[in-house]
Amino acid sequence: MQQHLALVTLLVEEYDEAIAFYTEKLHFSLLEDTPLSETKRWIVVAPPNSTGCSLLLAKAATEQQARYIGNQTGGRVFLFLYTDNFWRDYHQMKSNQIQFVREPKEEPYGTVAVFEDLYGNLWDLLEPATK
């Protein structure tokens, strides 16, 4: 049997502002934007040239869901964006006004910094150490 994670749902306030953030600020690719109803869309984005898991941008549909926008993991780092060139991506993200809440640090597992998305979810930008 072979399995893999395909999508992770990320709660958002508005579809178009989320698409703009991920495609313009982080340079993700918009893989799909399919209307499902007058109020619901199926939107999938992924890092450039990614062959792994993608993000499903889901507009909060209830008050309870809306409370979790930006804090889906209780303040912990939520998502991990791996890169093959940390400093290239770090500087590009800084020039796109991405807010870093923990500056770059060399760890045994690689070079890492923590940034926030447009809603405050925490992400690691990480270039794994070479073995």
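Just so it is clear, the model here is predicted, and its values are computed rather than measured.

A. Quick peek at the sheet that holds strand S5 (residues 77–82). Spatially, S5-S8-S7-S6 is the arrangement adopted by the 4 strands of the open sheet, whose pairing is mixed. Among the strands making up the open sheet, the edge pair consists of S5 and strand S6 (100–107). Within this sheet the neighbouring strands show an average axis-to-axis angle of 20°, counted without direction. Pairing analysis gives 5 bridges linking S5 to strand S8 (residues 122–128), with the strands arranged parallel. Bridged to Phe 80 within S8 is Asp 124.

B. Molecular detail of helix H3 (residues 86–95). Of the positions making up H3, those classed as buried are Phe 86, Asp 89, Tyr 90 and Met 93. Buried residues of H3 fall within an arc of 100° about the axis and therefore sit on the same side. Contact partners of the buried residues in H3: S6, strand S7 (110–116) and S8.

C. Region of interest: the side chain of Ser 54. Along the chain, Ser 54 turns up in strand S4 (residues 54–59). In contact with Ser 54, not counting residues within four places along its chain, are Ala 6, Leu 7, Val 8, Leu 31, Val 44, Val 45 and Ala 46.

D. Molecular detail of the layout of surface pockets. Empty space within the largest pocket amounts to approximately 530 Å³. As for the largest pocket, its lining consists of 24 residues, and the residues nearest its centre are Phe 28, Pro 47, Phe 80, Leu 81 and Tyr 82. Contributing elements (two or more residues each) for the lining of the largest pocket: S4, S5 and H3. By volume, the second largest pocket amounts to about 170 Å³.

E. How the structure looks around the UniProt feature "domain: VOC" (unreviewed entry) in the protein. Those places that UniProt annotates as "domain: VOC" (unreviewed entry) correspond, in this numbering, to residues 4–128. For the annotated span residues 4–128, helix accounts for 21% and strand for 42% of the residues, and the straight-line distance between the end C-alpha atoms is 21 Å.

F. Main features of the environment of Tyr 82. Here Tyr 82 is to be found in strand S5. With 37 residues separating them along the chain, Tyr 82 and Val 45 place their C-alpha atoms 15 Å apart. Not counting residues within four places of it along the chain, the set of residues in contact with Tyr 82 comprises Leu 126 and Pro 128.

G. The side chain of Asn 96, seen in detail. Looking at the element boundaries, Asn 96 is found in the loop between H3 and S6. On the basis of relative accessible area, Asn 96 is assigned to the buried category, the value being 17%. Each residue touching Asn 96, except ones within four places of it in the same chain, is listed here: Glu 24, Lys 25 and His 27.

H. Layout of the nonpolar core. Counting residues in each nonpolar core, the largest one holds 29 residues, and the members touching the most others are Tyr 22, Leu 55, Leu 57 and Phe 115. Elements supplying a minimum of two residues to this core: strand S1 (7–12), helix H1 (15–25), strand S3 (41–46), S4, S5, H3, S7 and S8. Looking at this core, the element that brings in the most residues is H1, giving 5 residues.

I. Here's a closer look at the pattern of salt bridges. Evaluation of the coordinates by the stated rule reveals 7 salt bridges. The shortest N-O distance in the salt bridge between Asp 16 and Arg 41 comes to 3.0 Å. Of this pair, Asp 16 sits in helix H1 while Arg 41 sits in strand S3; the two residues are 25 residues apart in sequence, bridging distant segments of the chain. Through salt bridges that share partners, Asp 16, Asp 33 and Arg 41 make up one connected network.

Parameters and conventions
Each chain carries its own residue numbering, running from 1 in the written order of its sequence. The predicted nature of this model means local features are confined to residues of pLDDT at least 70 and side-chain atom pairs, given and counted, to a pLDDT of 80 or more, with totals for whole chains, interfaces and linings taken over all residues. Side-chain figures throughout are based on the complete set of non-hydrogen atoms in the structure, without hydrogens or water. What makes two strands pair is DSSP finding at least two bridges between them. For the purposes of this entry, the term helix denotes a DSSP run of H or I that reaches at least four residues, the term strand denotes a run of E that reaches at least two, and both are numbered from the N terminus. The axes used here are C-alpha line fits, helices contributing only the stretch in contact, and every angle between their N-to-C directions lies in the interval 0 to 180 degrees. Relative accessible area decides the class of each residue, using a 1.4 Å probe on protein chains only: under 20% of the type maximum gives buried, over 50% gives exposed, and in between gives partly exposed. The arc in question is the one traced by the directions running from the helix axis out to the C-beta atoms. Any two residues whose heavy atoms approach within 4.5 Å at even a single point are treated as in contact. Grid points spaced at 1 Å over the protein atoms alone were grouped into cavities, where a 1.4 Å probe fits but cannot get out, and pockets, open sets with protein on both sides within 12 Å along at least five of seven lines, with lining residues defined by an atom within 4 Å of a point. Grid points are joined across faces, edges and corners, and a volume is the space filled by probe spheres set on the points. UniProt positions are given in the numbering used here, feature names are shortened, and annotations may be inferred rather than shown by experiment. We call a set of buried residues a nonpolar core when its members are Ala, Val, Leu, Ile, Met, Phe, Trp, Tyr or Cys and they connect through side-chain atoms within 4.5 Å of each other. Salt bridge criterion: a side-chain nitrogen from Lys or Arg within 4 Å of a carboxyl oxygen from Asp or Glu.

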